[in-house]
Amino acid sequence: MTNDAIQEGGTSDHFSMFSSQTAKIKYSYNKIREVKSHRIGELFSAYRDILWDDGRHKYNVSSFIGEIDEILLGERFSAFDQSTLDNLIGTLRQRGNSNATINRKMAALSKLLRKAHKMGDIHSLPEFRRQKERAGRIRFLERDEEARLFAAIKSRSEDAYRLSVFLVDTGCRLGEALGLIWNDIQEHRVSFWITKSGRSRTIPMTERVKEVIKLPATEGRRPKGPFTKLSQAQFRAIWNDAKAEVGLGADDQVVPHILRHTCASRLVQGGIDIRRVQMWLGHQTLSMTMRYAHLATNDLDGCVTVLETPRSGGSDIGGASALSAHSAMDEQKNKPAKSEKSPKTVVKRAKSR
């Protein structure tokens, strides 16, 4: 539109035209949200009860996040970049953290940041790469160690002894056993509903387990479950005193979780296949159960039989028996098949024609 037209038509006509052309354009500011900066500790306070159930795992995660916040010096951020993550992992490694420990701490941080990103608290995420872990030695109790340790536990607490027997024969986690209620025990089976993986499982009980879940006759109200009288802290205190008494106090691997390793090791050594061991323990992936696969030596017993089979004539591996076998194979290989005709026969017939 020219200036003359604007002057002739007046400014009101011009702006009415402009207004009509842009009437369909709508602007909405309702979904625009300012991304503020946050500390790791603040994000954890906001989402910890949503992301983690109460228990020892939540306590460990709280410790992990607290350490991470301390390493970052309480820095506030609206985007968690890759260099920040790399520097964090480097600091943890300098502090002597193993790759397995770093993976556990990064798993907690990743879960928290993904939730914060989904809620719009941060606008970018780094790439979390799992550190390669070494396959460490798995410690489990020998039968005599179990007998001595359990006797020391029983002298301190009958309830702690019953729980120890239950843990070693079921292979369940300590928190799973303490969370049992009577409705979880039906006939000859026990069901675990509160599990680390979030997946319930049901396993049969040994005769020893059937005995230890029976509470002694006492006056008063029946407890909610077979082991609800104990807390994790109480059981660990009794455990540590007992293991010191029997000479295992210096072994930092002799913790209550060793009973789960012991159960798994006995199953594998007894010939139970890895898949069923996975189901028994409630492992989310088979790779977790494969830590015990090296104990399944029964499948290799046949190899010893082959290697120890005596050879005829006392010959060694490269002796006459081996040579005769190769000669027989060569003779069979060079021998023409019955249906083939020798070249001479073919020539003679051709001439006769």
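Residues numbered from 1 in each chain as written. Predicted model: local features only at pLDDT ≥ 70, side-chain atom pairs only at ≥ 80, totals over all residues. Heavy atoms only, no water.

Enquirer: Outline helix α4 (residues 56-71), listing residues and values.
Expert: Helix length check: α4 (16 residues) gives 23 Å between terminal C-alpha atoms against 22 Å at 1.5 Å per residue, within 8%. Tucked into the core, α4 has its buried residues touching α3 (40-51), α5 (82-94) and α6 (99-118). Taken from the residues just after α4, L73 is the one with a positive phi, measuring 60°. (Helix = DSSP H or I, 4+ residues; strand = E, 2+ residues; numbered from the N terminus. Expected span 1.5 Å × (residues − 1). Contact = heavy atoms within 4.5 Å.)

Enquirer: Break down the side chain of E176 for me, citing the residues and quoting the values.
Expert: Within the fold, E176 resides in helix α9 (residues 174-178). The class of E176 is buried, set by a relative accessible area of 4%. Among the polar contacts made by the side chain of E176, one reaches the side chain of R173 at a distance of 2.6 Å. The residues contacting E176, other than those within four sequence positions of it, are F192, I194, T195, K196 and R201. (Buried < 20%, exposed > 50% of the residue type's maximum accessible area, 1.4 Å probe, protein only. Polar contact = N/O pair within 3.5 Å; in protein donor to acceptor, adjacent residues only side chain to side chain.)

Enquirer: Talk me through the sheet that holds strand β1 (residues 185-186); I want residue IDs and the actual numbers.
Expert: One open sheet holds the three strands; their spatial order is β1-β2-β3, and the pairing between them is antiparallel. Strand pairing shows two members of the sheet lacking a second neighbour, β1 and β3 (201-204), which therefore form its edges. (Pairing = 2+ DSSP bridges.)

Enquirer: Can you tell me about helix α12 (residues 258-269), naming the residues and giving the values?
Expert: Because an α-helix completes one turn every 3.6 residues, residues spaced three or four positions apart along the sequence face the same direction. The terminal C-alpha atoms of α12, which comprises twelve residues, lie 16 Å apart, in line with the 16 Å expected from a rise of 1.5 Å per residue. Of all twelve residues in α12, ten are buried, a share of seventy percent or more. Inspection of α12 places I258, L259, R260, H261, T262, C263, A264, S265, R266 and V268 among the buried residues, and these make up the whole buried set. Residues of α12 that are buried sit in contact with α7 (143-156), α8 (158-170), β3, α11 (232-245) and α13 (274-281). After α12 finishes, the residue G271 shows a positive phi value of roughly 95°.

Enquirer: Please set out the environment of I122 residue by residue, giving values where relevant.
Expert: With respect to the helices and strands, I122 occurs in the loop between α6 and α7. Judged by its relative accessible area of 3%, I122 falls in the buried class. Through-space distance from the C-alpha of I122 to that of K36 is 7.7 Å; in sequence the pair is 86 residues apart.

Enquirer: Tell me about the packing of α3 against α6, and please be specific about residues and values.
Expert: The contact between α3 and α6 brings their axes to 10 Å, and the two run at 90°. The orientation of α3 relative to α6 falls into the category roughly perpendicular. Residues I40, L43, F44, Y47, I50 and L51 of α3 form the contact with α6, whose participating residues are L109, K111, L112, L113, K115 and A116. Classifying every residue of the contact of α3 with α6 gives ten nonpolar, no polar and two charged. (Axes fitted to C-alpha atoms, helices over the stretch in contact; angles between N-to-C directions. Parallel < 35°, antiparallel > 145°, perpendicular 65-115°, else oblique. Nonpolar A, V, L, I, M, F, W, Y, C, P; charged D, E, K, R; others polar.)

Enquirer: Residue-level account of the nonpolar core, with values.
Expert: Membership of the largest hydrophobic core comes to 48 residues, with the highest contact counts inside it found for I153, L163 and F166. Contributions of two or more residues to this core are made by α7, α8, α9, β2 (189-192), α10 (207-212), α11, α12 and α13. At seven residues, α8 tops the list of elements feeding residues into this core. Counting residues in hydrophobic clusters, the runner-up holds 26 residues, among them Y47, L72, L112 and I122. (Core = buried A, V, L, I, M, F, W, Y, C linked by side-chain atoms within 4.5 Å.)

Enquirer: Tell me about the packing of aromatic side chains, and name the residues and values.
Expert: Under the defined criterion, the tally for this structure stands at six aromatic pairs. Aromatic pair F166 and F192: ring centres 6.3 Å apart, planes at 65°, arrangement edge-to-face. With a gap of 26 residues between them, F166 in helix α8 and F192 in strand β2 connect regions that are remote in the sequence. Judged by its relative accessible area of 0%, F166 falls in the buried class. On the numbers, 5.1 Å between centres and 55° between planes, the contact of F166 with F227 is tilted. Linking F166 in helix α8 with F227 in the loop between α10 and α11, this pair joins segments that are 61 residues apart in sequence. F227 carries the same exposure label as F166, and that label is buried. We note K154 situated over the ring of Y161; from NZ or CZ to the ring centre the distance is 4.8 Å. Over the ring of W182 we find R222, and its NZ or CZ is 3.9 Å from the ring centre. (Phe/Tyr/Trp six-rings, centres within 6.5 Å; stacked < 30°, edge-to-face > 60°. Lys NZ or Arg CZ within 6 Å of the ring centre and 35° of its normal.)

Enquirer: Explain the pattern of salt bridges residue by residue, including any values.
Expert: On inspection of all chains with the given rule, the structure shows 20 salt bridges. Between K58 and D49 there is a salt bridge; the shortest N-O distance is 2.5 Å. Look at K58 and you get buried, because its relative accessible area is 12%. The shortest N-O distance in the salt bridge between R95 and E67 comes to 3.4 Å. Taken as a pair, R95 in the loop between α5 and α6 and E67 in helix α4 lie far apart in primary sequence, 28 residues in all. A single salt-bridge network, built from bridges that share partners, covers E67, E70, R95 and K105. (Salt bridge = Lys/Arg side-chain N within 4 Å of Asp/Glu carboxyl O.)

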